[in-house]
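Descriptive analysis of the structure
Single-letter residue listing:
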Amino acid sequence: GQSTWVLSSGRVADAVGQPDTFASTYLGLPGDPLLSDLSGRTTYDAASYTVTVVPNGNTLKVRFVFASEEYPEYVGSSFNDVMAVFVAGQNCALVPGTNEAVAVNTVNAGHNAEYYVDNSAGAAGYGTTMDGLTIPLTCSVSVMPGQPVTIKIAVADASDGIYDSAVALLDGGIWSE
């Protein structure tokens, strides 16, 4: 029921809808070397958004959801689509309590399942075609109040350029305390 900002490795319009719709667009775009490092695979169709903010507080927070059409069929495979939230160059989009980047192989029904939502039949409250997604996760980074900090939010397909993935921020998804 809230407005959402979406970044996708395919067409954003394809990420919205019901899971019986298939989101898979090969855009023919390059990947992102940083996301390739996190995924452990070559990435394709990388999409990113970079913004510089001036936080009022000493902790910058980013609240996001990662979703993918790779779920559940390609969990544990080389098709490890990935996303990241780089704050001042460091990825803070980690599975809570770990150093694992948020990706298809790190959050799913068999691994870190408490953060996973199976959307293959349509989960209540989620209007996405993607067959699986994370619950809303928040990364927190210490910052200097009043000092500009650069945030890069990125997502990419891994091992191929099909079966889209996306990252979403709710309204107010970036703030400081």
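For the structure, see preceding data.
Structure report, in brief. Nothing here was measured: the structure is a model prediction, and the numbers come from that model.

**Points about the overall build of the chain**
Scanning the chain for helices and strands turns up two helices and 11 strands. The globule rule puts the C-alpha radius of gyration for 177 residues at 16 Å, and the 15 Å found for the chain is close to it. Principal-axis analysis of the C-alpha atoms places the extent of the chain at approximately 45 × 35 × 30 Å. Within the span of the chain, comprising 177 residues, buried residues form 46% of the whole.

**Considering the environment of Val155**
If you trace the backbone, Val155 turns up in strand β9 (residues 149-158). Judged by its relative accessible area of 0%, Val155 falls in the buried class. In sequence terms Val155 and Leu7 are 148 residues apart; their C-alpha atoms lie 7.3 Å from each other.

**Some points on the pairing of strand β8 (residues 137-142)**
On β8, burial follows the alternation: Leu137, Cys139 and Val141 on one face are buried, whereas Thr138, Ser140 and Ser142 on the facing-out side are not. The pairing of strand β3 (residues 59-68) with β8 spans six bridges and is classified as antiparallel. Counted as the bridge partner of Thr59 is Ser142 from β8.

**Side note on the sheet that holds strand β4 (residues 82-87)**
Spatially, four strands are ordered β2-β9-β4-β5 in an open sheet, and the strand pairing comes out antiparallel. The open sheet is flanked by β2 (43-53) and β5 (90-91), the only strands paired with a single partner. Pairing of β4 with β5, which is carried by two bridges, proceeds in the antiparallel orientation. Looking at β5, one finds that Phe86 is bridged to Asn91.

**Focus on the environment of Asn56**
Structurally, Asn56 is set in the loop between β2 and β3. The exposed category is assigned to Asn56, whose relative accessible area is 73%. Taking the C-alpha atoms as reference points, Asn56 and Ala46, 10 residues apart in sequence, are found 31 Å from one another.

**Comments concerning unusual backbone geometry**
That bond from Tyr71 to Pro72 is cis: its omega, -20°, falls within 30 degrees of zero. Mapped onto the secondary structure, Pro72 falls in the loop between β3 and β4. One non-glycine residue, Ser159, lies in the positive phi region at around 75°. Here Ser159 shows up in the loop between β9 and β10 (165-170). Of note, Tyr163 is a non-glycine position whose phi angle comes to about 55°, a positive value. You can see Tyr163 is positioned in the loop between β9 and β10.

**Here's the deal with the packing of aromatic side chains**
The full count for this structure, using the stated rule, is five aromatic pairs. Relative to Tyr163, the ring of Phe22 lies with its centre 4.9 Å away and its plane at 85°, an arrangement referred to as edge-to-face. Of the two residues, Phe22 sits in the loop between α1 (12-15) and α2 (33-39) while Tyr163 sits in the loop between β9 and β10, which places them 141 residues apart along the sequence. Classification of Phe22 as partly exposed rests on a relative accessible area of 48%. Judged by centre distance (5.2 Å) and plane angle (85°), the ring pair of Tyr74 and Tyr163 falls under edge-to-face. Here Tyr163 lies in the loop between β9 and β10 and Tyr74 lies in the loop between β3 and β4, a separation of 89 residues in the sequence. A network of ring pairs unites the aromatic residues Phe22, Tyr74, Phe79 and Tyr163 as a single cluster.

**Considerations on the layout of surface pockets**
Here the largest pocket is characterised by a volume of approximately 500 Å³. Residue lining of the largest pocket: 21 residues in total, with Thr4, Tyr126, Gly127, Ala168 and Leu170 positioned closest to the centre. Considering each element in turn, the lining of the largest pocket owes the most residues, five residues, to β10. Tallied by class, residues from the lining of the largest pocket come to 14 nonpolar, six polar and one charged.

What counts, and at which threshold
Residues numbered from 1 in each chain as written. Predicted model: local features only at pLDDT ≥ 70, side-chain atom pairs only at ≥ 80, totals over all residues. Heavy atoms only, no water. Helix = DSSP H or I, 4+ residues; strand = E, 2+ residues; numbered from the N terminus. Rg over C-alpha atoms; globule rule 2.2 N^0.38 Å. Buried < 20%, exposed > 50% of the residue type's maximum accessible area, 1.4 Å probe, protein only. Pairing = 2+ DSSP bridges. Phe/Tyr/Trp six-rings, centres within 6.5 Å; stacked < 30°, edge-to-face > 60°. 1 Å grid on protein atoms, 1.4 Å probe; cavity = no way out; pocket = protein on both sides within 12 Å on 5 of 7 lines; lining within 4 Å. Points joined across faces, edges and corners; volume = space filled by probe spheres on them. Nonpolar A, V, L, I, M, F, W, Y, C, P; charged D, E, K, R; others polar.

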